[in-house]
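A closer look at the structure
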Amino acid sequence: MRTLKGKVAVVTGGNSGIGYATAQKLKQDGADVVITGRSTEKVAKAAEELGVKGLVADVSDLSAIDQLVAQVKASHGQVDVLFVNAGIFQPAPVGSISEQVFDDQMNINFKGAVFTTEKFLPILNDGASIINLSSVNAYTGMPNTAIYAASKAALNSYTRTAATELAPRKIRISAVNPGPV
């Protein structure tokens, strides 16, 4: 069934893993899909394989998100589904966490996710759906994941508050917390 026919879906980090599989499913369900990622080559390859539009954007760079939103608005107008999936995992044990490991994960996994939502809001249709990819690590206390887990726990907290605030526009926002894939 093509339940998303006529809908526009954006998948950040859609060039691999969960993002790629989600973009594939959204397209199968009839959506007009846009994927993003940081690597020009990987985005182009995935977009070609999936038969979707691919745009390069690093979500840790707010000006890149601005450009992404402008490109999506110019090519598609409004958005119905925003899958905030872009993220990284850099394992490091407590006591050996560097500022770079902290900044990289927080800038992409939390800051990038928050500002992807913030900057897409003006072009989200009322009744749109935002899905934030979080992680079971936000709850588990698994070794070597302290900063990754903190970035995902922060995303879960933001999502809960955003759900309340976006309700008047009937925009649904949720976090999905899968385990290792």
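Residues numbered from 1 in each chain as written. Predicted model: local features only at pLDDT ≥ 70, side-chain atom pairs only at ≥ 80, totals over all residues. Heavy atoms only, no water.

1. Describing the sheet that holds strand 5 (residues 124-133)
The pairing of strands in a sheet happens through backbone hydrogen bonds and is either parallel or antiparallel. Taken in spatial order, the 6 strands of this open sheet run 3-2-1-4-5-6, and their pairing is parallel. Strand pairing shows two members of the sheet lacking a second neighbour, strand 3 (53-56) and strand 6 (172-176), which therefore form its edges. Looking at each pair of strands side by side, their axes are set apart by 15° on average, direction ignored. Two elements, strand 1 (residues 8-11) and strand 2 (residues 32-37), share 4 bridges in a ladder whose sense is parallel. Residue pairing in the sheet places alanine 9 in a bridge with valine 33 of strand 2. Here helix 3 (residues 62-76) sits on the sheet in contact with strand 1, strand 2, strand 3 and strand 4 (79-84), set at roughly 155° to strand 3. (Pairing = 2+ DSSP bridges. Helix = DSSP H or I, 4+ residues; strand = E, 2+ residues; numbered from the N terminus. Axes fitted to C-alpha atoms, helices over the stretch in contact; angles between N-to-C directions. Contact = heavy atoms within 4.5 Å.)

2. Observations concerning the pairing of strand 4
Both faces of the sheet carry side chains from a regular strand, because those side chains alternate between them. Buried residues dominate strand 4, accounting for 6 of its 6 residues. Bridge analysis of strand 1 against strand 4 gives 3 bridges, and the strand direction is parallel. Bridge pairing links valine 10 to leucine 82 in strand 4. The pairing of strand 4 with strand 5 spans 5 bridges and is parallel. Counterpart to valine 79 in the pairing with strand 5 is leucine 124. With helix 4 (residues 99-120) bridging strand 4 and the parallel strand 5, this β-α-β connection has right-handed handedness. (Buried < 20%, exposed > 50% of the residue type's maximum accessible area, 1.4 Å probe, protein only. Right-handed = clockwise from strand over helix to strand, strands pointing away.)

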